Amino acid sequence: MVRRRRSGEPRRSQKEATETEDPCKDQELPQDVPAESDFRIRTKQSERSQNPAEPQTEHTCQTEHTVPAGDALDAVQQEEEKEEQLEEISRRLILKEEELFRQESPNEEAEDQLQQDFEALGVRIWMAIQDTFTSSPPSAEHLEVLRSAVASIQQQEQQDQRWTENPENRVPVWRPHRYLSTHNMLLQKMVVARLRKAAEEEEVRADQLSSEGKRQVCRVGKCVKEDLLTVVRKVKDCYPLQMDILNVYAGLYHRTFSAHLTEMAFSNLDIEDCSYLLFWINNYYPNEILKHKELDGQIKTAYLGSLLLPDQLDRLEDQYLSHKEDQVKLWLNTALRKEEMSWLSGNTPELIDGYFFSSLAVDVIQVMSSSLKEINCAIKDQNKAQRLTALMENFLCSYKKCVEDFLSGNHGNMHPVMKGQLVCEQQLRDYISGQTESLSEAQRHGCMDTLSALRDVVFMCFTCPFHSHIKVCLKQLWTSAWVDGSLPVIDSLLDHLEKHLCDLNDLKPVCRAALLSVLYQDVAFRYVKKMIKTKMKNREQQEAGAQLMIQDAQKIDNFFTEKGCSEASWIRGLLCSLAELLQLQDPASIQLELVMLARTFPDLSGAHVSALLSVKFGLSAADVSSIRKSVEKNRLHNASANHSHPFFSNIKVKWLTNKINQMGLKS
């Protein structure tokens, strides 16, 4: 390709003439691209060089002078060009260029003038681009100028390509212009300058923040958001779709913002600035800016990545989490120590709605909830939050130990304090069962097991006085006086419970119901244990005892249901099933009843089955062996899928070993 070079002009390398820059890549601005502050100065100079007769501004000479006629015509022509759209000027210059270079003989004077015209056009284009964010929002007039400037860039790019595809022709010295490359590098400089200015200027909303680091991040981030919204609302329509100008700007702002935050991250950040930086990086920028309703789905966020590199982000998050761990640990320990000191000082918990109440659980839940909410905004990987939830397990273990230590002493306020702690235990249980995302499965199980152990310890201080009376009272079951109805064992027991349960009226209903459920199970447990240990004398005793057992089951269930314990009604069904078992005489029917019982209560072991069969009157050793084998064969093997209540596991039947051996039923 033959190309004319002006005298004194340096030659361009082949690489320099053909290289095409990535529009989204950070690059150094070449020397021949005017800096932003130079645009208007160079425009004035260019216009003056082309129109020496133009009247001087107030910054130059104010002396009036006579304009020659020829120069006056040039001035009029220059003014008309200003009125002309940039794309029209660009098109006109391209036509003049093609006409000029179709001539056989070079016209250096005309070529020099055309080169100056192209330079003037370029300066006006770059001024239009530079003014993109001058006003907010951009005026309709400026948007039209910007659209025309972008169209001019496209025209010049196409003309560059045409000259490249025609190597046999004489090529202008100014080709290729490479306006698109210059445009992209100019955008980069604009973005850097705007964010640098935002970091340095004062802003009322940002001034409310506590540190200069926070104020800088806020101002720069706000500038990123406002400029990207300006692009999507106004600027984008001035560009063709294939330029994807929104993502060009998004990439430039992302990299520049990232560089600013990276510089901050390597400085000695205090914990407040660290947490604020993480909030912007992991929450506000990706969720409130990139996923803004006007930007969501239009910005290719997958190509942007995080504002900080993984190792830098991990370092900041570790600094933040370590501080948060120490902070939460201190708060939880302080709350527990304060609660314990109140117990030991003899204070009685406050009554709310007639029930004893402790604020410990409320304080703990508030600390954990607010801390986890803050971490959710500051930390990208939510699995790291388990460093904080692990503190909950440790706290509950310390809490349980404090309660046990208190119960081991002789304190006059024991019952009111423990009633308050039962409320705490229920509130903590509800909170932990609802933490399906923050707590791992292992952490949740650990916390719930500790709370169950805590509740059992507290329940013992209320149920212990009843246990001895229940045990003594139920010894009269299956005696002749009970079978003939002359000894109302259950009526006597329920009367005793009625007198003493009034002491639980100031316990919160949900906690009182849980406590009564424990008492209900204890009564049923001792009732069944007494039945298993009884040696029936005849079939009539079995049938009469079974009828009384059904009546007793109804009385016990009615009593506890009236007291608010409705969730333990399954105990009545269990007692009635055992009564039915006593009434049955056919081995096949007995076998079916026991299979159903074993499937409903998986903790019914082979030893328990043997114990129940030993009560039956008239069964042969072969019948017992056959029934036991059938129960084992048909029981549910996946016991975890059965959400039944444990019952038989509390009944120890080691005393049956000798009896089984004697009957020859060893399996």
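Everything numeric here is computed off the predicted structure, so don't read it as measured data.

Participant: How would you sum up the overall build of the protein chain? Please name residues and give values.
Facilitator: Looking only at helices and strands, the protein chain features 24 helices and 2 strands. Sorting the 667 residues of the protein chain into buried and exposed places 46% on the buried side. Of the roughly 34,700 Å² that the protein chain leaves accessible, carbon and sulfur atoms contribute 50%.

Participant: I'd like a description of empty space enclosed by the protein, backed by residues and values.
Facilitator: The full count for this structure, using the stated rule, is 2 cavities of 30 Å³ or more. The volume enclosed by the largest cavity comes to roughly 40 Å³. Lining the largest cavity are M368, L372, T389, M392, Y431, I432, Q435, S438 and L439. Those elements that place two or more of their residues in the lining of the largest cavity are α12 (360-378), α13 (386-407) and α14 (414-433). Residues belonging to the lining of the largest cavity are distributed by class as follows: 6 nonpolar, 3 polar and no charged. Those elements giving two or more residues to the lining of the second largest cavity turn out to be α14, α15 (441-473) and α18 (509-533). The residue makeup of the lining of the second largest cavity, split by class, is 4 nonpolar, 1 polar and 2 charged.

Participant: Let's hear about the side chain of S275: which residues, and what values?
Facilitator: Locating S275 in the fold gives a position in helix α10 (residues 271-289). Here E272 takes part through its backbone oxygen, which lies 2.9 Å from a polar atom of the side chain of S275.

Participant: Account for the packing of helix α7 (residues 179-200) against helix α8 (residues 212-233), with residues named and values stated.
Facilitator: Interhelical geometry of α7 versus α8 gives an angle of 140° and a closest axis separation of 8 Å. Between α7 and α8, the crossing angle belongs to the class labelled oblique. Relative to α8, the crossing made by α7 is right-handed. Along the contact surface, α7 presents R194, L195, A198 and A199, while α8 presents E212, Q216, R219, V220, C223, V224 and D227. Residues that form the contact of α7 with α8 fall into these classes: 6 nonpolar, 1 polar and 4 charged.

Participant: An account of the environment of D363 is requested, with residue identities and associated values reported.
Facilitator: In this structure, D363 sits in helix α12. Between the C-alpha atoms of D363 and W331, which are 32 residues apart in sequence, the distance is 9.1 Å.

Participant: Which residues make up the nonpolar core, and what values do they have?
Facilitator: Formed by 183 residues in total, the largest nonpolar core has its most connected members in I129, Y249, Y399, M418 and L594. Counting residues per element, this core draws most heavily on α18, which supplies 12 residues. Ignoring any residue separated from it by four or fewer positions in sequence, one finds M418 in contact with V403, F406, L407, V458, C461 and F462.

Participant: Explain the packing of α15 against helix α17 (residues 489-500) to me, using residue names and the numbers behind them.
Facilitator: Running from N to C, α15 and α17 point in directions that differ by 165°, and their axes come no closer than 10 Å. The angle between α15 and α17 falls in the class roughly antiparallel. When the axes of α15 and α17 are compared, the crossing they make is right-handed. Where α15 approaches α17, its residues F466, H469, I470 and C473 are matched on the opposing element by V489, S492, L493, H496, L497 and H500. Of the residues that constitute the contact of α15 with α17, the class distribution is 6 nonpolar, 4 polar and no charged.

Participant: Would you mind going over the pattern of salt bridges in detail, with residue names and values included?
Facilitator: Across all of its chains, the model carries 24 salt bridges by this definition. Taking the shortest distance from any N to any O, the salt bridge between E340 and R337 comes out at 3.2 Å. Taken together, the residues E340 and R337, both in helix α11 (residues 310-344) and 3 residues apart, mark about one turn of the helix. Since its relative accessible area comes to 17%, E340 is described here as buried. Since its relative accessible area comes to 39%, R337 is described here as partly exposed. In this structure, R635 engages E632 in a salt bridge whose closest nitrogen and oxygen atoms are separated by 3.1 Å.

Participant: Which residues make up the packing of aromatic side chains, and what values go with them?
Facilitator: This structure, assessed with the given rule, holds 18 aromatic pairs. Residues W126 and Y179 carry aromatic rings whose centres are separated by 5.3 Å and whose planes lie at 70° to one another, so their mutual orientation is edge-to-face. Here W126, found in helix α5 (residues 108-130), pairs with Y179, found in helix α7; they are 53 residues apart in sequence, far enough to count as distant. A single burial state applies to W126 and to Y179, both of which are buried. On the numbers, 5.7 Å between centres and 70° between planes, the contact of F257 with Y285 is edge-to-face. Of this pair, F257 sits in helix α9 (residues 245-265) while Y285 is found in helix α10, placing the two residues 28 residues apart along the sequence. With a relative accessible area of 3%, Y285 lands in the buried category.

About the cut-offs
Residues numbered from 1 in each chain as written. Predicted model: local features only at pLDDT ≥ 70, side-chain atom pairs only at ≥ 80, totals over all residues. Heavy atoms only, no water. Helix = DSSP H or I, 4+ residues; strand = E, 2+ residues; numbered from the N terminus. Buried < 20%, exposed > 50% of the residue type's maximum accessible area, 1.4 Å probe, protein only. Areas by Shrake-Rupley, 256 points an atom, 1.4 Å probe, with all protein chains shown as cover. 1 Å grid on protein atoms, 1.4 Å probe; cavity = no way out; pocket = protein on both sides within 12 Å on 5 of 7 lines; lining within 4 Å. Points joined across faces, edges and corners; volume = space filled by probe spheres on them. Nonpolar A, V, L, I, M, F, W, Y, C, P; charged D, E, K, R; others polar. Polar contact = N/O pair within 3.5 Å; in protein donor to acceptor, adjacent residues only side chain to side chain. Axes fitted to C-alpha atoms, helices over the stretch in contact; angles between N-to-C directions. Parallel < 35°, antiparallel > 145°, perpendicular 65-115°, else oblique. Left-handed = near helix turned anticlockwise from the far one by under 90°. Contact = heavy atoms within 4.5 Å. Core = buried A, V, L, I, M, F, W, Y, C linked by side-chain atoms within 4.5 Å. Salt bridge = Lys/Arg side-chain N within 4 Å of Asp/Glu carboxyl O. Phe/Tyr/Trp six-rings, centres within 6.5 Å; stacked < 30°, edge-to-face > 60°.

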